[in-house]
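Notes for the structure review
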Amino acid sequence: MLFWQILIDGFAISALYALGATGFTLIFGVSGVLNLSHGAIMVGAAVAAWAAASELGVGPYTGALIGVLMGLLLSFATYFIAVRPIQRSRAIAESEKEIFILTATLLWGIIIQEAIAYLFTNNAKTVLPIVEGVTNLFGVRTPKNEYFTAVVCWVAIGLLWALVNRTRRGKAVMAASMNPRGVTLLGIELSSIYLTVWAIYGLLAGVAGILLGMFLGVSSYSVGPLTASAFSIVVLGGLGSVSGSLIAAYVVGYLETATAYLISPAYRTVPALLLLVVVMYLRPQGLFGRR
Amino acid sequence: MASFKIFMLTACATALVSSAAWAADPIKIGVIAEAQAVAGSSIAPAAQLAAEEINAKGGVDGRKIEIVVYDNHSSSAESVRAFQRAVSEDHVNAVIASYISEVVLALEPWAGRLKTVMITPGAASDVITQNIAKDYDHLKYTFHGYLTSSSLAGLVCDAAKDLLVGPYKMKTAVIMSEDAAWTTPLDAGYEKCLPEIGLKVVDHIRMSPDTTDFTPIFNKIEGAKPDVMITGISHVGTQPTVQWKSQQVPIPMFGISSQATNSTFWKDTNGAVEGVFYNAVSGPGVAVTPRTLPFVDAYQKKFGNFPSYAGYTSYDDVYMIAEAIHKAGGTDSDKMVEALEKTDYVGTIGRIAFKPKGDPNPHALRTGKGYITGLMLQWQNGKQVNVWPKELAAGSIIWPSFIKLKAASN
């Protein structure tokens, strides 16, 4: 019974982690940007979906759509306000740009977080679930929305895979992550690749934020922990490796769930963080990292 | 939040049109509160409302009351800085501070060092007043304007006895509370009073306020098979409530759930709060005293929403400070303390009087018959309905469909 409980809960949580981390790692892989406003974008999308439903009275589907659009909007805003000006700046030395972008996205995330807290208070909000009710599987009573969350996450990850491997645009994105200079030599504008990646990222972060809002709820306080969890999953899996992130998401998700059930919910995140420290010692490039 | 914005606009407007008709220096009351938190965001607007009412009637002995607001971002360190600034730069005569026990405990020694009267409209930890008992001469400037955690535990037990043990023959309970300063005395109170009313405590779960996934906690509670969950939550609220509903945990939630006292909680939880019971000192439409409903109406008219629990007390606190200054004949802090200790004031939450020096909890509110008795409300169809005590009840219990009552007799 407890076994099934951990298996089912862990699966849903891990799928959500995987979706959240995929976009994060994709951006890093293609443009070398570690986006520390990640959590703020996820929370922004979820709060927009909540506000649309509770303030404007729209249904769960329209609410979710508005949330995804907000994710997209915030993603582009992050790129145009915090990232691109630094990438293009002549005043900042090339070697220092990474740390400038890191700081800029961190501050941008805090701006979004504070704006959310002031406009909608720091109380947690929950997004209207698309699927209501509970179902009994192996004697475990689980909200149907939890299964729905896992399914949507995997469909989104599958679509991303198809996009990257089956479409011309996607292949260009993949190529840019391997060798940006080579892509430009082929006549593909690197800046348009970046736009595509930030668009994909916005959609992924938006969907992940809304699903999280339905499943567990979010508040402006969630911003930091969400960025930190995406960051540690991506580092564990190997920076820039999408498949590494997916596997790491499941390792972290199950480790956390098992800890919460078998030891105590209070220590939920401890073993995963310890594992991260150990991996950093023994294999600094992460489990599946290339560099 | 809208209330806070409207309030800031009004405050600015009032400052611009400040009249020259006042006889002497204004009385300044500093308000240090959490503008971003639902419970804290009513504190400053409610204080402003009270000040305007008093000023409209001529102020205190011809002196106008001015409210000076500081947003503490829910941080103790920022609160201490605000307190120092309030006293040494803005020269406030008294401070109304916070709904968070940790913040008030950090400010308490500063109220003593800077000899400035401070009332908290919303913190609950018993330690606030226990400190005063230990070092009265230094800490006497702090007053506890809300119920202590141990009295809250007592009121929850009183309500549980009448509502659950009597009619529904409930026998077992699990205590579920968040790990914070205010719940330590609350849990001790629950552990003591629940068995006395006939509810055996079969498990006790203290969770981290950072918890986001409550599934393992509800799973453990269900495993203990209690008749009811007795709650002590304030920093968390939306997440356990929504997950309780979405996972259809068949055990009622009953106790303290501070966020559920806010009228916006229905929206925050998309209605998942349906059926949740929460203790409060006031509620929509409940005329606890003749002052309650006029206050709620005025607040709603001015700010467009309903006050949180700390709004009621903050409003009363301004009146009590005004009365104390009038009785003390000025703003001398020691004389104000003496006057406040003699407070006997019918406010929005009941008859307010402080426990005297010598009591284990000096400057805590008196509770029980004739003073503050508290209410037990239940969210029903989007409304907060008072179900206890009987003489103030506006309806009776409605159980959500997923709740399984083991030994229902009614």
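Residues numbered from 1 in each chain as written. Chains lettered and ligands numbered in written order. Predicted model: local features only at pLDDT ≥ 70, side-chain atom pairs only at ≥ 80, totals over all residues.

Describing helix H2 (residues 38-55) of chain A
Residues and elements named next belong to chain A. Along its 18 residues, H2 runs 25 Å from first to last C-alpha, staying within 8% of the 26 Å computed at 1.5 Å per residue. With 17 of its 18 residues buried, H2 lies for the most part within the structure. Looking at the residues trailing H2, positive phi occurs at Gly57, about 75°. (Helix = DSSP H or I, 4+ residues; strand = E, 2+ residues; numbered from the N terminus. Expected span 1.5 Å × (residues − 1). Buried ≥ 20, exposed ≤ 12 C-beta atoms within 10 Å, placed from the backbone.)

Remarks on helix H6 (residues 168-178) of chain A
Residues and elements named next belong to chain A. When we look at burial in H6, the residues that qualify are Val173, Ala176 and Ser177. Axial view of H6: buried residues confined to an arc of 100°, hence all on one face. Facing away from the buried side of H6 by more than 90 degrees, the exposed set consists of Arg168 and Met178. The inward-facing, buried residues of H6 abut helix H1 (2-31), helix H5 (144-166), helix H7 (180-185) and helix H8 (190-215). (Arc of directions from axis to C-beta. Contact = placed C-beta atoms within 7 Å.)

Quick word on the interface of chain A and chain B
Facing the 26 residues of chain A at the interface are 25 residues of chain B. Taken together, the elements giving at least two residues each to the side of chain A that touches chain B come down to H1, helix H4 (97-120), strand S2 (140-143) and helix H10 (242-262) of chain A. Looking at the side of chain A that touches chain B, the element that brings in the most residues is H4(A), giving four residues. Grouping the amino acids of the side of chain A that touches chain B by side-chain chemistry returns 15 nonpolar, eight polar and three charged. (Nonpolar A, V, L, I, M, F, W, Y, C, P; charged D, E, K, R; others polar.)

Section: the domain arrangement of chain B
All names here are of chain B. By the assigned domains, chain B splits into domain 1 (11-147 + 287-352) and domain 2 (150-280 + 374-409). Taking only C-alpha atoms, the centre of domain 1 and the centre of domain 2 are 30 Å apart. Counting residues at the interface gives 16 residues for domain 1, matched by 15 residues for domain 2. When contributions to the side of domain 1 that touches domain 2 are tallied by element, the ones reaching two or more residues are helix H2 (38-41) and helix H5 (101-113). It is H5 that provides the largest number of residues to the side of domain 1 that touches domain 2, a total of three residues. (Domains from an automatic or database assignment.)

Brief notes about the packing of H10(A) against helix H11 (residues 270-282) of chain A
Residue and element names in this part refer to chain A. Direction vectors running N to C along H10 and H11 enclose 140°, while the axes themselves pass 8 Å from each other. Accordingly, the angle class assigned to the pair H10 and H11 is oblique. Note on element contacts: H11 touches H10 through Val270, Pro271, Ala272 and Leu275, opposite Val252, Leu255, Glu256 and Thr259. Residue classes in the contact of H10 with H11 are distributed as six nonpolar, one polar and one charged. (Axes fitted to C-alpha atoms, helices over the stretch in contact; angles between N-to-C directions. Parallel < 35°, antiparallel > 145°, perpendicular 65-115°, else oblique.)

So, the nonpolar core
By size, the foremost hydrophobic cluster in this structure holds 130 residues, and its most contacted members are Ile29(B), Val31(B), Ala47(B) and Val318(B). When sequence neighbours within four positions are dropped, the list of residues in contact with Val31(B) reads Ile43(B), Ala44(B), Ala47(B), Ile67(B), Val68(B), Val69(B), Tyr70(B) and Ile96(B). Counting residues in each nonpolar core, the second largest holds 91 residues, with Ala53(A), Ile210(A), Leu216(A) and Ala230(A) among its members. (Core = buried A, V, L, I, M, F, W, Y, C linked by C-beta atoms within 7 Å.)

Describing the sheet that holds strand S13 (residues 375-380) of chain B
Residue and element names in this part refer to chain B. With antiparallel pairing, the three strands of this open sheet are ordered in space as S10-S13-S14. In the strand order of this sheet, the two ends are held by strand S10 (277-280) and strand S14 (383-388), each with one partner. In this sheet, neighbouring strand axes are inclined to one another by 40° on average, regardless of whether the strands run parallel or antiparallel. Alignment of S10 against S13, held across four bridges, turns out to be antiparallel. Note that in S13 the partner of Ala280 across the bridge is Leu375. (Pairing = 2+ DSSP bridges.)

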